Amino acid sequence: IQGATDITLRVNGQAHTVRVEPRVTLLDALRERLDLTGTKKGCDHGQCGACTVHVGGRRTLSCLTLAVMAQGKEITTIEGLSQGEQLHPMQQAFLKHDGFQCGYCTPGQIMSGVACVQEGHASTDAQAREWMSGNLCRCGAYPNILAAVREVAQRG
Ligand code: FES
Ligand code: FES
């Protein structure tokens with residue numbers, strides 16, 4: 001590939017070396033180079049939240065992040081949340097509350113939900129709604145998504 005360089009990405013605790021052009025987004029590197037297709041491409045323009053991952057512990061829109069900029073940071077995707085067969089509490093809460101319909105927005109919602117709770121931004125319904133507002137759901141599963149996030153937040 002012209003102008004491509006080798007970069008090392010640490011994803012879900014594992015280091016991967018991939019050859020990418022400087023303009024390749026983290027989203028495309030994850031999906032197309034590392035086959036981590038749990039992270040979804042909705043708008044590809046920073047407007048829907050479907051591509052949300054954690055970079056260095058912070059939620060990040062991977063469609064707006066260049067893969068080269070994510071080097072040296074710990075990246076977590078939806079595939080890295082569960083411990084083997086044991087689902088993450090946020091994944092369990094989404095199942096319990098039917099926090100999805102088509103499921104397309106769900107990985108991004110869950111990654112945002114985990115961060116929202118960690119940030120302490122889910123202590124009331126209104127606060128959680130506001131801090132989750134970057135994650136759109138075309139199916140309108142918002143009340144159930146909110147219930148899932150709030151349950152995890154309340155468990156502390
Ligand atoms: Fe990144 Fe929509 S795909 S915000
Ligand atoms: Fe379909 Fe959210 S569950 S877009």
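It should be emphasised that the depicted structure is a prediction, and the values quoted were computed from it without experimental measurement.

**Focus: the sheet that holds strand E1 (residues 5–11)**
Okay, so step 1: One open sheet accounts for 5 strands, arranged E2-E1-E5-E3-E4; its pairing is mixed. Lying at the two open borders of the sheet, with one neighbouring strand each, are strand E2 (14–20) and strand E4 (58–61). Across this sheet, the average inter-strand angle for adjacent strands is 40°, counted without regard to direction.
Okay, so step 2: Bridge count between strand E3 (residues 52–55) and E4: 4 bridges; the pairing is antiparallel. By the bridge assignment, valine 55 is partnered in E4 with arginine 58.
Okay, so step 3: Contacting E3 and E4, helix H3 (residues 106–118) crosses the sheet at an angle of about 40° to E3.

**Quick word on unusual backbone geometry**
Okay, so step 1: Of note in this structure, aspartate 35 is not a glycine but carries a positive phi near 55°.
Okay, so step 2: Its location among the elements puts aspartate 35 in the loop between helix H1 (26–33) and E3.
Okay, so step 3: Its identity as a non-glycine residue notwithstanding, aspartate 98 has a phi of 50°, on the positive side.
Okay, so step 4: Locating aspartate 98 in the fold gives a position in the loop between helix H2 (89–96) and H3.
Okay, so step 5: Taking the number of C-beta atoms within 10 Å as the measure of exposure, aspartate 98 has 13 and is therefore partly exposed.

**Considering H1**
Okay, so step 1: Those residues of H1 not exposed but buried are Leu26, Leu27, Ala29 and Leu30.
Okay, so step 2: Elements that come into contact with the buried residues of H1 comprise E1 and E2.
Okay, so step 3: Phi turns positive, to about 55°, at aspartate 35, one or two residues after H1.

**Description of the environment of alanine 29**
Okay, so step 1: Looking at the element boundaries, alanine 29 is found in helix H1.
Okay, so step 2: By C-beta crowding, alanine 29 is classed as buried, having 24 other C-beta atoms within 10 Å.
Okay, so step 3: Each C-alpha atom of the pair alanine 29 and alanine 67 lies 6.5 Å from the other, and the pair is 38 residues apart in sequence.

**So, the nonpolar core**
Okay, so step 1: Within the largest apolar cluster, 41 residues are counted, with the highest numbers of intra-cluster contacts made by Cys116 and Val149.
Okay, so step 2: It is H3 that provides the largest number of residues to this core, a total of 6 residues.
Okay, so step 3: Counting residues domain by domain, this core receives three or more from each of domain 1 (5–80) and domain 2 (89–155).
Okay, so step 4: Not counting residues within four places of it along the chain, the set of residues in contact with valine 149 comprises Gly113, Cys116, Val117, Ala122, Ala128 and Met132.

**Quick word on the packing of H2 against H3**
Okay, so step 1: Direction vectors running N to C along H2 and H3 enclose 125°, while the axes themselves pass 9 Å from each other. Regarding the angle of H2 to H3, the classification is oblique. When you trace H2 past H3, the crossing you get is right-handed. Contacts between H2 and H3 pair Met90, Gln91 and Phe94 from the former with Thr106, Ile110, Gly113 and Val114 from the latter.
Okay, so step 2: Among the residues making up the contact of H2 with H3, the classes are represented as 4 nonpolar, 3 polar and no charged.

What counts, and at which threshold
Residues numbered from 1 in each chain as written. Chains lettered and ligands numbered in written order. Predicted model: local features only at pLDDT ≥ 70, side-chain atom pairs only at ≥ 80, totals over all residues. Pairing = 2+ DSSP bridges. Helix = DSSP H or I, 4+ residues; strand = E, 2+ residues; numbered from the N terminus. Axes fitted to C-alpha atoms, helices over the stretch in contact; angles between N-to-C directions. Contact = placed C-beta atoms within 7 Å. Buried ≥ 20, exposed ≤ 12 C-beta atoms within 10 Å, placed from the backbone. Core = buried A, V, L, I, M, F, W, Y, C linked by C-beta atoms within 7 Å. Domains from an automatic or database assignment. Parallel < 35°, antiparallel > 145°, perpendicular 65-115°, else oblique. Left-handed = near helix turned anticlockwise from the far one by under 90°. Nonpolar A, V, L, I, M, F, W, Y, C, P; charged D, E, K, R; others polar.

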